[in-house]
Amino acid sequence: MPNTNKNIQQTLVLIKPDGLKKSLTGNILTKLAETRLCIMGAKVVQVSRELATCHYQHLKDKPFFGELIEYIQGKPYGPDYQRVMALVYQGNDAIQKVRQLAGATNPEEADATSIRGAFGRITTKGVFENVIHASANPEDAEREIKLWFQPEELVTDLYPTKTVTSSPKEVKVWAS
Ligand code: IDP
Ligand code: MG
């Protein structure tokens, strides 16, 4: 009988501003499609300082933290690239499969055929422009997915949800 044991995981992928600036979105999505994982949500986000700081809170004491926050916000690239593409993938061993394709954190050390190895670089300021973020483990994945996505932005409830009544507030809708 075939082994049907499955380790279904979710993972957050960000195509970072350098990936958008270099028009790599298609290349990266094609590469990630090799995994046969399912896309559960996708959007383009302008990254606030608060979101960037929260996402990289584990690195706040590193000497490169300031540059990293500017980098993930796309500050060095001009207004058209101050954004990231955020995606949630789900499937068997999703975290390891995406990390494998992403390659090592340092693009100079990443396998040459990985996304970071093929497309990344280290800037003269020492920023690792490594094109893509991918969650490192299930705990990070849950924290990061909840940080970047609201339940209604995902096709199914990946984590338990609750219903709350929010006080009336103005929302923007299409004018016609
Ligand atoms: P990861 O993205 O491979 O999970 P982390 O250690 O979580 O690696 O670091 C988050 C991001 O911070 C990296 O993707 C990279 O952009 C940046 N970074 C990590 N280490 C360095 C470093 O030593 N110099 C410059 N940037 C770094
Ligand atoms: Mg990490």
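Residues numbered from 1 in each chain as written. Chains lettered and ligands numbered in written order. Predicted model: local features only at pLDDT ≥ 70, side-chain atom pairs only at ≥ 80, totals over all residues. Heavy atoms only, no water.

1. Quick notes on the pattern of salt bridges
And then number 1: Taken as a whole and assessed by the stated rule, the structure comprises four salt bridges.
And then number 2: With its nearest N and O atoms 3.8 Å apart, the salt bridge here joins lysine 31 to glutamate 34.
And then number 3: Two residues, glutamate 153 and lysine 43, come together in a salt bridge whose shortest N-O distance is 3.0 Å. Taken together, the positions of glutamate 153 in the segment after helix H7 (138-148) and lysine 43 in strand S2 (residues 38-45) put the pair 110 residues apart, joining distant regions of the chain.
And then number 4: A relative accessible area of 35% places glutamate 153 in the partly exposed class. (Salt bridge = Lys/Arg side-chain N within 4 Å of Asp/Glu carboxyl O. Helix = DSSP H or I, 4+ residues; strand = E, 2+ residues; numbered from the N terminus. Buried < 20%, exposed > 50% of the residue type's maximum accessible area, 1.4 Å probe, protein only.)

2. A few points about the sheet that holds strand S1 (residues 8-15)
And then number 1: Here four strands make up an open sheet; going across it, the order is S2-S3-S1-S6 and the pairing antiparallel. Strands with a single pairing partner mark the edges of an open sheet, and in this sheet they are S2 and strand S6 (132-134). For this sheet, the mean inter-axis angle between neighbouring strands, taken without regard to orientation, is 15°.
And then number 2: Where S1 and S6 come together, three bridges link them in antiparallel fashion. Residue isoleucine 15 lies in a different strand from S6, and its bridge partner there is isoleucine 132.
And then number 3: Here H7 sits on the sheet in contact with S1, S2, strand S3 (84-92) and S6, set at roughly 55° to S1. (Pairing = 2+ DSSP bridges. Axes fitted to C-alpha atoms, helices over the stretch in contact; angles between N-to-C directions. Contact = heavy atoms within 4.5 Å.)

3. A short note on the nonpolar core
And then number 1: With 25 residues, the main nonpolar core has Leu12, Leu14, Tyr56, Val84, Val88, Trp148 and Phe149 as its most contacted residues.
And then number 2: Breaking this core down by element, the ones donating at least two residues are S1, S2, helix H3 (49-55), helix H4 (65-72), S3 and H7.
And then number 3: In terms of residue count, the dominant contributor to this core is H4 (five residues).
And then number 4: Setting aside anything within four residues of it in sequence, one finds valine 84 in contact with Leu14, Ile15, Lys16, Pro17, Leu20, Lys43, Val44, Val45, Val47, Ile72 and Trp148.
And then number 5: Counting 18 residues, the second largest nonpolar core, distinct from the first, contains Ile15, Met85, Leu101 and Ala102. (Core = buried A, V, L, I, M, F, W, Y, C linked by side-chain atoms within 4.5 Å.)

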